[in-house]
2 protein chains.
Amino acid sequence: MSTNPSLKFLRSLHQRKQREEQGLFLVQGRKLVNELRASSLIIDSYHATSEVAKELGLVDARIHPPHDLERMGTLEQGNEVIAVVRTPAALPPRAPHGHELVLALDGISDPGNLGTLLRIADWFGVEQVWCSLDCVEAYNPKCVQASMGSLFRSSVRYGELPLAIMDAVGANAEVYKAEASGENVFNTELKRPAVLVLGSESHGLRDAVKHGPGRSISVPRFGSAESLNVAAAAAALCMEFARRKN
Amino acid sequence: MSTNPSLKFLRSLHQRKQREEQGLFLVQGRKLVNELRASSLIIDSYHATSEVAKELGLVDARIHPPHDLERMGTLEQGNEVIAVVRTPAALPPRAPHGHELVLALDGISDPGNLGTLLRIADWFGVEQVWCSLDCVEAYNPKCVQASMGSLFRSSVRYGELPLAIMDAVGANAEVYKAEASGENVFNTELKRPAVLVLGSESHGLRDAVKHGPGRSISVPRFGSAESLNVAAAAAALCMEFARRKN
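(A) Fine view of the sheet that holds strand E3 (residues 62-63) of chain A. Residues and elements named next belong to chain A. Reading across from one edge, E1-E4-E2-E3 is the order of the 4 strands in this open sheet, with mixed pairing throughout. The open sheet is flanked by strand E1 (24-28) and E3, the only strands paired with a single partner. Taken together, the 5 bridges between E1 and strand E4 (residues 81-86) define a ladder with antiparallel strand orientation. Paired with Leu24 across the bridge in E4 is Arg86.

Below is the structure:
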């Protein structure tokens, strides 16, 4: 048994409950730690092998043997450096204005999907990502890693989606709901500010969103697949929103 | 130790070498097995619990206890029915003609990514998916599952990508290479027949493809993400190809 006092602490942060209680989350691997250092997030501590601490110039890193770091992290590879980071203050959804676009996610339960969606939103310059309260937590290690650093720049906001959408409508934003049965987006006028709502693959949009305000749109299908995964649908629709902005 | 004679056989098909030697692969779970039955693929055998065999009407299924099926399959959930399927004959890349679009994949090593790409290609009616010889095998269980049945309909063809591209050029097809440094696709004339080439996230396009014929195009970036994952880039670019077809 290792007696490394950091081991228990970092391993506790593998669990959502502990992350939320402590207000901390983990960022793992050279590439992501470098992205983190370029962000405005507050770092609680670094944990690394002596080689990697030296390589990255982490003068205040706590040095651990590789086999302890392996157990501290959640990755199969890339555990040679781990940062413990303060979770930024949670902000509620804010109605978009001007030319802003919001991506609103309803019940996304897979952390890899959420991370990929944050990365797509970041690429296309989406101003806010709204998550329904039953979406997976954005500070889940799999989401952090899949976002490839976009989480550090994103404005991810959790809230009651039907209420946030009503607020946006009150502020004169347009609402577009991605649904297989929706109108071909190529034929839809896309106005801004806008909220683009996407549901989970398995459950689609919840009733209060489905039957709420907004226009149903779809990525036109030219082949035989029954559905697109949520990240592919988001990329295709963000592409179309971007195109109309040009 | 179980003495179930199917156990060793199905477990051997978890390995690429055995799948290739036997010319067989696995399809797992109710949803995918149903999609499989609607396809033209030849099924070697079904393995299921008695309940699921009855539910799906698989009269010739071999019945196993759930704990054996769990070990026969690769999934965490959904091993209650497994089909052993004959791998269709391998076809070489064929130069596209008319209005055909080919998705050409260079060095995609993640089976989940390849499956998602097959699904995107299927959605957008892409006629062929070409894979470089170092792409992951399409009959990898993770790829089969991520393709959500699109593998059963797809025309996935492995070959030397630079040669296939030269062939396509000889047949008057246009070649478009997705690269971060490429021209904004919104400003690019997209002609058909066409080959759209995408590289792996970690290594990009190999030199022989990068420096070969074709026009470099990119998904325009409006935010700060360093890159898009390959499936998101494929979805965005297929969307633009689909739009121009309209």
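Read on for the rest.
(B) Main features of the pattern of salt bridges. Residue and element names in this part refer to chain A. Scanning the model with the defined rule gives 32 salt bridges over all chains in all. When the shortest N-O distance is used, the salt bridge between Arg30 and Glu80 registers 3.0 Å. Taken together, the residues Arg30 in helix H3 (residues 30-37) and Glu80 in the loop between helix H5 (66-72) and E4 connect sequence positions 50 residues apart. On the accessibility criterion, Arg30 (34% relative accessible area) is partly exposed. Where Arg153 meets Asp122, a salt bridge forms, and the shortest distance between an N and an O atom there is 2.8 Å. Linking Arg153 in helix H8 (residues 150-153) with Asp122 in helix H6 (residues 111-123), this pair joins segments that are 31 residues apart in sequence. Arg153 gets classed as partly exposed once you look at its relative accessible area, which sits at 36%. Among the charged side chains, a network of salt bridges with common partners joins Arg30, Glu55 and Glu80.

(C) Representation of the packing of aromatic side chains within the structure. What the rule picks out here adds up to 4 aromatic pairs over all chains. With centroids separated by 5.6 Å and ring planes inclined at 70 degrees, the aromatic side chains of Tyr176 of chain A and Phe241 of chain A adopt a geometry described as edge-to-face. Linking Tyr176 of chain A in strand E8 (residues 174-184) with Phe241 of chain A in helix H11 (residues 230-245), this pair joins segments that are 65 residues apart in sequence. For Phe241 of chain A, a relative accessible area of 2% puts it in the buried group. The lysine or arginine in question, Arg221 of chain A, covers the ring of Trp123 of chain B, its NZ or CZ lying 5.6 Å from the ring centre.

(D) Expanded view of the sheet that holds strand E2 (residues 43-48) of chain B. Residue and element names in this part refer to chain B. Strand order in this open sheet of 4 strands is E1-E4-E2-E3, and the pairing throughout is mixed. Strands at the two margins of the open sheet, each flanked by one partner only, are strand E1 (24-28) and strand E3 (62-63). Pairing between E2 and strand E4 (residues 81-86): 5 bridges, direction antiparallel. Bridge assignment links Tyr46 to a residue of E4, and that residue is Ala83.

(E) Inspection of the relation of the copies chain A and chain B at higher detail. The two copies are related by a screw motion: chain A maps onto chain B through a turn of 180 degrees and a shift of 0.0 Å along the axis, at an RMSD of 0.0 Å. One copy is carried onto the other by what is essentially a two-fold rotation axis. The C-alpha atom lying nearest the rotation axis in chain A is that of Ala236 of chain A; the distance is 2.3 Å. A shared interface surface links the copies, since 100% of the contact residues of chain A are contact residues in chain B too.

(F) Broad picture of the interface of chain A and chain B. Taken together, the contact between chain A and chain B spans 35 residues of the former and 35 residues of the latter. Around 3300 Å² of area is buried between chain A and chain B when both sides are counted, 60% of it from carbon and sulfur atoms. A per-residue breakdown of the area chain A buries against chain B is headed by Arg119, Trp123 and Met239 of chain A, which together make up 25% of the total. Counting across the chain A and chain B interface gives 6 salt bridges.

(G) Spotlight on helix H3 (residues 30-37) of chain B. Those residues of H3 of chain B that fall on the buried side of the exposure criterion are Leu32, Val33, Glu35 and Leu36 of chain B. One face of H3 of chain B carries all of its buried residues, which in axial projection span an arc of 160 degrees.

(H) Broad picture of the domain arrangement of chain A. All names here are of chain A. Looking at chain A, the domain boundaries give domain 1 (5-86) and domain 2 (101-245). Between the C-alpha centres of domain 1 and domain 2 the distance comes to 30 Å. Each side of the interface is counted separately: domain 1 has 15 residues, and domain 2 has 12 residues. Summing the contributions of domain 1 and of domain 2, the shared interface buries around 1200 Å²; its carbon and sulfur component is 63%. Per-residue buried area on domain 1 facing domain 2 is highest for Arg19, Phe25 and Leu32; these three make up 40% of the total on that side. Summed over the shared surface of domain 1 and domain 2, the result is 2 salt bridges. Its salt-bridge partner being Arg153, residue Glu35 comes within 3.2 Å of it at the nearest N-O pair. Summed over the shared surface of domain 1 and domain 2, the number is 4 residue pairs in polar contact (both at pLDDT 80 or more). For the side of domain 1 that touches domain 2, the elements supplying multiple residues, two or more each, are helix H2 (16-22), E1 and H3.

(I) Broad picture of the environment of Leu101 of chain A. Residues and elements named next belong to chain A. As for its placement among the helices and strands, Leu101 is situated in strand E5 (residues 101-106). Taking the C-alpha atoms as reference, Leu101 lies 47 Å from Asn4; in sequence the two are 97 residues apart. Excluding residues within four positions of it along the chain, Leu101 makes contact with Val126, Glu127, Gln128, Arg192, Ala194, Leu196 and Phe241.

(J) Representation of the pairing of E8 of chain A. Residues and elements named next belong to chain A. As paired strands, E8 and strand E9 (residues 194-199) are joined by 4 bridges and run parallel to one another. When the bridges of E9 are listed, Glu174 appears paired with Ala194. Pairing between E8 and strand E10 (residues 215-218): 5 bridges, direction parallel. Within E10, the position partnered with Glu183 by the bridge is Ile217.

(K) Structural context of the packing of helix H6 (residues 111-123) of chain B against helix H11 (residues 230-245) of chain B. Residue and element names in this part refer to chain B. For the pair H6 and H11, interaxial distance at closest approach is 9 Å and the crossing angle is 10 degrees. In terms of orientation, H6 and H11 fall into the roughly parallel class. Where H6 abuts H11, its residues Asn113, Thr116, Leu117 and Ile120 lie against Val230, Ala231, Ala234, Ala235 and Cys238. Split by residue class, the contact of H6 with H11 holds 7 nonpolar, 2 polar and no charged.

Parameters at a glance
Residues numbered from 1 in each chain as written. Chains lettered and ligands numbered in written order. Predicted model: local features only at pLDDT ≥ 70, side-chain atom pairs only at ≥ 80, totals over all residues. Heavy atoms only, no water. Pairing = 2+ DSSP bridges. Helix = DSSP H or I, 4+ residues; strand = E, 2+ residues; numbered from the N terminus. Salt bridge = Lys/Arg side-chain N within 4 Å of Asp/Glu carboxyl O. Buried < 20%, exposed > 50% of the residue type's maximum accessible area, 1.4 Å probe, protein only. Phe/Tyr/Trp six-rings, centres within 6.5 Å; stacked < 30°, edge-to-face > 60°. Lys NZ or Arg CZ within 6 Å of the ring centre and 35° of its normal. Least-squares fit on C-alpha atoms with pLDDT ≥ 70 in both. Contact = heavy atoms within 4.5 Å. Buried area = accessible area lost by both parts, 1.4 Å probe. Arc of directions from axis to C-beta. Domains from an automatic or database assignment. Polar contact = N/O pair within 3.5 Å; in protein donor to acceptor, adjacent residues only side chain to side chain. Axes fitted to C-alpha atoms, helices over the stretch in contact; angles between N-to-C directions. Parallel < 35°, antiparallel > 145°, perpendicular 65-115°, else oblique. Nonpolar A, V, L, I, M, F, W, Y, C, P; charged D, E, K, R; others polar.

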